[in-house]
Each structure stands twice: as C-alpha cells, then as structure tokens.
Amino acid sequence: MNKVLRLEITDKCNYRCDMCWSKKWKHKDLEYFVLEKMIAEYAKIEPNGCIVLTSREPLLSKNFIPILELATKLNLDIKVLSNCSLLSPSICEAIINNNVSFISTSIHGTREEHDEIVHVKGAYDATIKGLELLNSYRKKYNKNLEIRVTTLFRKSLLNNINSILDLTTKLDLTLRIQHMMWHPVEIQKLNRELINEKYGYVDDIIDGFPNKTDLNGKEALKLLKTIRDLNKEYHNIQVYPELYDDELISWYDDTTRVNKNNYCDHSSNSIRIRANGDVTFCQYIDKTFGNINNQTLDEIIYNNKEYNDICKSFENGEMLPICYRCCHCRSKIKKFKNNEKI
C-alpha cells in the first residue's frame, strides 16, 4: 500500500475553530522549491500515490495552485481539506483541471452555530457559497469529484441534522458525522508525561482539544439511532469512526478512556509534513524525525529505523492516552469481525 503524503502547506487560517488544536502554531509556509523537490521524490518512491493538502487552510498558501499542477504532472491523486470559504472561479478552475478527486469541508450546524464555533461572522454563508460555486464547476465540466461535508457528533445535531441533509442532498455531497475528539484534563496531563518519558520532548498538542463533551453515552446512542434511521432514506451518511454501542458509550462516558483493544496503522500508511518542514508520524503527536528543508524523504522516512519502529509499535496497539479517543485509531475487534454498517 502506498504511503499518503499529507502536506500542511501553511499554518495560516481565516478561522479559529473551537476544536482546532493548532491555533497557536506559528510555523512558516513551505516554500515551493522545497515542495517541488519533495513531491518529485515522493512520486518516484510511490508512483501513482496520493497527496493530501491539509491543515490549517491550504487555500491561503500561495503555492496551492502550483502544487495541484505539479502533482497532476507527476500523475498523483490529490485530496484537499479546506473550509471552502475562499473558493473562487480561478481556484475552482484549477481544481477541475487537475487531479483533485476529493474535497472535504466542515459545517457545524446552523448558520449561527457554525459562525460561533469558528469565531467568524459570515463564515457559514461563505462556505455555502464556496460549495455552490464548486458544485457548479463540477457539473459544468462533468468532473468526477467527491465533495464531502463533515459535521460533529454533538447534542445539537439532533435538531439540525435535517437542514444539513437538505444541503448535502441538494448539492450532491456526501456527509460524514465525526465523533468529538475530547480529552479530560487528567488525560491531557498523563499524555504529556508519557510523551516526555517515551520520546524525550514536551508535547502540548493534546491541550488544544476540548476537555469535555456535551453528550453522554445514552444521548449518543439516541443520536446514533436517529442517524441510522435517516440513512435508510439518504444512504450517504457515514459516522466516523464506526463504533459498537459499548464503544460509543465508552467514548462519551469514560473519562479515563484507556481501551487497550485499539491499534493504529494511520502513521504507517502516511507521511506528515508540517508547515515548517518538520516530518512527524502523526498529526496529533509532534514527535519529529527530520526536516524536509534539508533532508530527503528517503532519509527521514523510508530508511529511518526509529520512524518505522514507532509506527510498528502503534500497529501493535502501543497507544498513548491521546490515541484512545482518536478518529484514526481502529478497533481490533472490527479487524476480525463484521460490523453492521450505519
């Protein structure tokens, strides 16, 4: 399986979302000559691979369109994670004319709720306008482009899920409902201590996550039942990650969250490049293995024993506290047992 190249091409963002862990980062944007060299190396190692332009708002990078053109020239698949508020005709043209197969954005409930969560008035309308514009280009050029809306699994969703479904149906979008990644204060403290002990550095990324949720396990089960019933009609709703009922209750009720029946292969299948060039194995753990400004991917990743040993340990279930409520973490049970699809 090819490793996916996940590029945080900028740490600039026009929003300040409540659930964002990277609001305080001040990394520099990756320069194009660094990106060009790195992507070319990646394409040789992983022919027909995939790059993901992500975190925080990739459309704010001056290199966004040049990267699309370069990756397309190298026959790479491209996926984009964006709030879509900055989409313009020229950006939509670039997306349509290059190898972009997928774009994901977020809508957090009603207009008022969304704007409050991202702390920008008019953000909801800007995102809807961007989605409508992109959809019009997709239809005009008959582009095979998946556009997905993600919203959070939270109490207010019971009251506004129908309005979100109306939007996704109207614009032919897919919908992902993602569980809230929250970590109580005691888990945040334990995570910092273990990372310092295990890897020898101070990591406070977990402090950027919410330390509580507005749902309990019983309410979460009620919401999940509502979603399952709706999906009998809409057929385009994904809940992520898929959890058994007892796992769902634990996710929202257990303040310790130390389920040992989990493993993670996300890092083994990914390369993550921060906006300052640092290479990490996980977006939520800031352990670095080198810097792309002065090293190659081959040196940092493919021939780095420490990197591969750590990835293997996570595949074997050696989790950190931040992992137990992470959407990338997988259940060992589901690896061997069929699960009812939502």
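Preceding this section is the structure that the text describes.
Residues numbered from 1 in each chain as written. Predicted model: local features only at pLDDT ≥ 70, side-chain atom pairs only at ≥ 80, totals over all residues. Heavy atoms only, no water.

(A) Spotlight on the environment of L215. Looking at where L215 falls in the secondary structure, it is placed in the loop between α7 (185-199) and α8 (217-234). Each C-alpha atom of the pair L215 and Y252 lies 6.4 Å from the other, and the pair is 37 residues apart in sequence. With sequence-adjacent residues up to four places away left out, L215 is seen in contact with F153, R154, K155, A220, L223 and Y252. (Helix = DSSP H or I, 4+ residues; strand = E, 2+ residues; numbered from the N terminus. Contact = heavy atoms within 4.5 Å.)

(B) Quick peek at the side chain of T105. Counting through the fold element by element, T105 comes out in strand β4 (residues 100-106). Among the polar contacts listed, one links the side chain of T105 to the backbone oxygen of N83, at a separation of 3.1 Å. Beyond its immediate sequence surroundings of up to four residues, T105 is in contact with S82, N83, C84, T127, L131, R148, V149 and T150. (Polar contact = N/O pair within 3.5 Å; in protein donor to acceptor, adjacent residues only side chain to side chain.)

(C) Molecular detail of the sheet that holds strand β7 (residues 237-240). Strands sit in the order β7-β6-β5-β4-β3-β2-β1-β9-β10-β11 across an open sheet of 10 strands; the sheet is mixed. Looking along the sheet, the strands with just one partner apiece sit at the ends: β7 and β11 (285-291). Ignoring which end each strand starts from, the neighbouring axes of this sheet average 25° apart. Across 4 bridges, the pairing between strand β1 (residues 4-8) and strand β2 (residues 50-54) is parallel. By the bridge assignment for β2, E8 is matched with T54. Along the sheet face, helix α2 (residues 64-73) touches β2, β3 (77-81) and β4 and points at about 175° away from the line of β2. Each of β5 (146-153), β6 (174-179) and β7 touches α8; the most contacted strand, β7, lies at about 150° to it. (Pairing = 2+ DSSP bridges. Axes fitted to C-alpha atoms, helices over the stretch in contact; angles between N-to-C directions.)

(D) Inspection of the packing of α2 against helix α3 (residues 89-97) at higher detail. Interaxial distance between α2 and α3 falls to 10 Å at its minimum, and their mutual angle equals 15°. When the interaxial angle is binned, α2 and α3 end up roughly parallel. Between α2 and α3 lies a crossing of left-handed hand. For the pair α2 and α3, contact is made by F64, I65 and L68 and by S90, I91, A94 and I95, respectively. For the contact of α2 with α3, the class distribution of residues is 6 nonpolar, 1 polar and no charged. (Parallel < 35°, antiparallel > 145°, perpendicular 65-115°, else oblique. Left-handed = near helix turned anticlockwise from the far one by under 90°. Nonpolar A, V, L, I, M, F, W, Y, C, P; charged D, E, K, R; others polar.)

(E) Geometry of the packing of aromatic side chains. According to the stated counting rule, one finds 6 aromatic pairs in the structure shown. Judged by centre distance (5.4 Å) and plane angle (70°), the ring pair of F209 and Y284 falls under edge-to-face. Within this pair, whereas F209 is found in the loop between α7 and α8, its partner Y284 is found in the loop between β10 (278-282) and β11, the two being separated by 75 residues in sequence. The residues F209 and Y284 share a single accessibility class, namely buried. For the ring pair F281 and F289, a centre distance of 6.0 Å and an interplane angle of 80° mean the geometry is edge-to-face. We classify F281 as buried; its relative accessible area is 2%. A relative accessible area of 10% places F289 in the buried class. Pairwise contacts between aromatic rings join F281, F289, Y307 and F314 into one cluster. (Phe/Tyr/Trp six-rings, centres within 6.5 Å; stacked < 30°, edge-to-face > 60°. Buried < 20%, exposed > 50% of the residue type's maximum accessible area, 1.4 Å probe, protein only.)

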